[in-house]
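Chain by chain, the residues run as shown.
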Amino acid sequence: MEFKTNILGIGAGYVGGPSMVMIAAKCPDCKVTVVDINPQRIAAWNSDQLPVYEPGLEELVQKTRGKNLFFSTELEKAISENDMIFVCVNTPTKTFGAGAGMAADLQYWEQTARQILENAQSSKIVIEKSTLPIKTAQAMERILNSGKGNITFDVLSNPEFMAEGTAVSDLENPDRVLIGSRETESGLAARARLVEIYSHWIKPEKILTSNIWSAELSKLVANAFLAQRVSSINSISALCEKADADISEVAKAVGTDSRIGSKFLQAGVGFGGSCFKKDILNLVYLCHFYGLPEVAAYWESVVKMNDYQQRRFIANILRSMFNTLAGKKVCVMGFSFKADTGDTRESPALYITRMLLEEHAEVVITDPKALKNAADDLKRDKGKIQYREDPYEAAAGCHALVILTDWNVYKTLDYQRIYTSMVKPAFIFDGRNIVDLQKCFEIGFNVFPVGKPAWTHF
Ligand code: NAD
Ligand code: UGA
């Protein structure tokens, strides 16, 4: 079959996988190929065990794979055969050299630019889907246009706003799609071609176009604003605990102001995930680079508040359990950084588990989807760690439950059954404010939520 457009996604991760799957599902007239340097990842995309868990994703893959969606490791061939290339490679925080711990590590991205240059035999539209520092498109253009010959490259910025756990619905029905381009004749033509792809399923008013630098910056700013709301509510949760106020009541009262809005005001153990911290630190680095130390300090405080919230949570566990955890068994309920994903990158559970191990607690971890990643993350950590799929088995014989992920299943557990199987006095540290406080208290638990008075029998 002849396809109207050949589209390539480079990087088959949490973003490249689902976003290319959605394009294939919505654009039957396009052939979509997804490549990765990691052969295991590609093999998993070609199997029944997808490398990424997202509700609804498997069904879409089954509908499209082998028809207009293909996963491959043949990067060079794929570059030469496709004329629209989405770059979805990882851009983690740099761990070495200048800007270590803050700036984005652009080595994967630059490697991709060079691979595109080496293997392109015709002109291409190259689309930044990875989250990148402002002005990266300029560097990309410089690398791509360093070749000889008549081939031209138009670079677009099309940052992705999907969240994990809701990737399919976010991609199917996004608040907006943002496409930034150069405002030259060929830049605008490239922009129009990408608009045409998204127009297969997205209404024109939701497709925003802008200059390329605005698009790059908007992505960092959107994540910074979202994370800032989480840090703001978490900072107030600390005050609530001191002043006998209830953070859920405060969040509701504040969030019903339509100018403020109710979303992203859930207090808890702090934000995790591969992007919030990385993108804010990247923004902070850029502010320093452009000589704006006050702006940098303002945004850095969002990350500092998140660290404080996690430290505060673990200090509360220690204090409430009579200042010693040594030899006590603690059940960590939930290891992924949020519900409905198996992703554990920067998960608060990782930090909190390490603190529990440092206090010589024995840790039993349970999670519906993240146990394999948890075991990978902790493989070098010393201490007693067990992994149990079944939450009832995990909790049996423990002194405390520490709820770290907002999985729905933890809202409806039989806490009476769990209480019966635990060592007394039994504690719940609800880092997501999801259990019924009064009910658990009446069962016999000492319950410590975030930003609300504790319910204790002492
Ligand atoms: P990821 O680590 O899951 O996936 C990146 C993939 O790129 C990996 O599989 C890696 O093997 C591959 N890769 C690296 N270099 C390559 C190369 N030269 N050629 C081919 N493949 C290569 O990362 P992710 O979570 O998908 O994030 C990717 C980008 O998207 C990041 O910039 C991130 O900030 C951004 N983003 C992520 C999310 C999210 O929810 N995870 C949402 C929006 C934006
Ligand atoms: C976030 C953004 O929401 C996406 O728009 C963005 O595309 C993505 O980052 C990215 O660039 O990677 P994600 O990290 O997948 O998505 O998940 P979120 O729903 O934003 O949650 C992030 C963290 O904040 C989680 O740990 C979550 O539990 C926490 N959170 C969120 C709270 O503690 N309280 C809230 O009210 C909301």
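Read on for a plain summary of the structure. This structure is a prediction, so every number in the text was calculated from the model and none was measured.

## Quick look at the overall build of the protein chain
Stage number 1. Of the regular secondary structure elements, the protein chain holds 17 helices and 14 strands.
Stage number 2. Its C-alpha atoms give the protein chain a radius of gyration of 24 Å, within 12% of the compact-globule value 23 Å for 458 residues.
Stage number 3. Looking at the protein chain as a whole, 52% of its 458 residues are labelled buried.
Stage number 4. Here the analysis covers contacts within the protein chain between residues at least 6 apart in sequence; of these, 73% occur between residues at least 24 apart.
Stage number 5. Of the accessible surface of the protein chain, which amounts to about 20,700 Å², a share of 52% is contributed by carbon and sulfur atoms.
Stage number 6. For the protein chain, the distance from the average site of its 51 positive side-chain charges to the average site of its 54 negative ones is 2 Å.

## Some details on the packing of helix α12 (residues 293–320) against helix α13 (residues 348–358)
Stage number 1. Contact pair α12 / α13: the axes reach a minimum separation of 10 Å and the direction vectors enclose 40 degrees. One way to sum up the angle between α12 and α13 is to call them oblique. Remark: the crossing between α12 and α13 carries right-handed chirality. Residue-level inspection shows Gln310, Arg311, Phe313 and Ile314 of α12 in contact with α13, the latter providing Pro348, Tyr351, Ile352, Met355 and Leu356.
Stage number 2. Looking at the contact of α12 with α13 residue by residue, the class counts come to seven nonpolar, one polar and one charged.

## With respect to the site of ligand 1
Stage number 1. Taken together, 27 residues are adjacent to ligand 1, and Asp36, Arg41, Thr91, Glu164 and Lys278 come closest.
Stage number 2. Backbone polar atom of Thr131 to an oxygen atom of ligand 1: 2.9 Å apart, as the coordinates give it.
Stage number 3. The fraction of the free accessible surface of ligand 1 (830 Å²) that becomes covered by protein chains is 94%.
Stage number 4. Counting residues per element, the shell around ligand 1 draws most heavily on helix α5 (residues 107–119), which supplies four residues.
Stage number 5. Per-class residue counts for the shell around ligand 1 are nine nonpolar, 11 polar and seven charged.

## Overview of the site of ligand 2
Stage number 1. Residues in contact with ligand 2 amount to 19 residues; listed here are only the nearest, Phe161, Met162, Cys275, Phe337 and Arg432.
Stage number 2. For ligand 2, an oxygen atom lies 3.4 Å from a polar atom in the backbone of Glu160.
Stage number 3. The backbone of Phe337 places a nitrogen or oxygen atom 2.8 Å from an oxygen atom of ligand 2.
Stage number 4. When ligand 2 sits alone it has 700 Å² of accessible area, and the protein chains cover 89% of it.
Stage number 5. In terms of residue count, the dominant contributor to the shell around ligand 2 is helix α9 (residues 212–243) (four residues).
Stage number 6. Classifying every residue of the shell around ligand 2 by side-chain character gives 11 nonpolar, three polar and five charged.

Cut-offs applied
Residues numbered from 1 in each chain as written. Chains lettered and ligands numbered in written order. Predicted model: local features only at pLDDT ≥ 70, side-chain atom pairs only at ≥ 80, totals over all residues. Heavy atoms only, no water. Helix = DSSP H or I, 4+ residues; strand = E, 2+ residues; numbered from the N terminus. Rg over C-alpha atoms; globule rule 2.2 N^0.38 Å. Buried < 20%, exposed > 50% of the residue type's maximum accessible area, 1.4 Å probe, protein only. Contact = heavy atoms within 4.5 Å. Areas by Shrake-Rupley, 256 points an atom, 1.4 Å probe, with all protein chains shown as cover. Lys, Arg positive; Asp, Glu negative; His and termini not counted. Charge placed at Lys NZ, Arg CZ, Asp CG, Glu CD. Axes fitted to C-alpha atoms, helices over the stretch in contact; angles between N-to-C directions. Parallel < 35°, antiparallel > 145°, perpendicular 65-115°, else oblique. Left-handed = near helix turned anticlockwise from the far one by under 90°. Nonpolar A, V, L, I, M, F, W, Y, C, P; charged D, E, K, R; others polar. Near = heavy atom within 4 Å. Polar contact = N/O pair within 3.5 Å; in protein donor to acceptor, adjacent residues only side chain to side chain.

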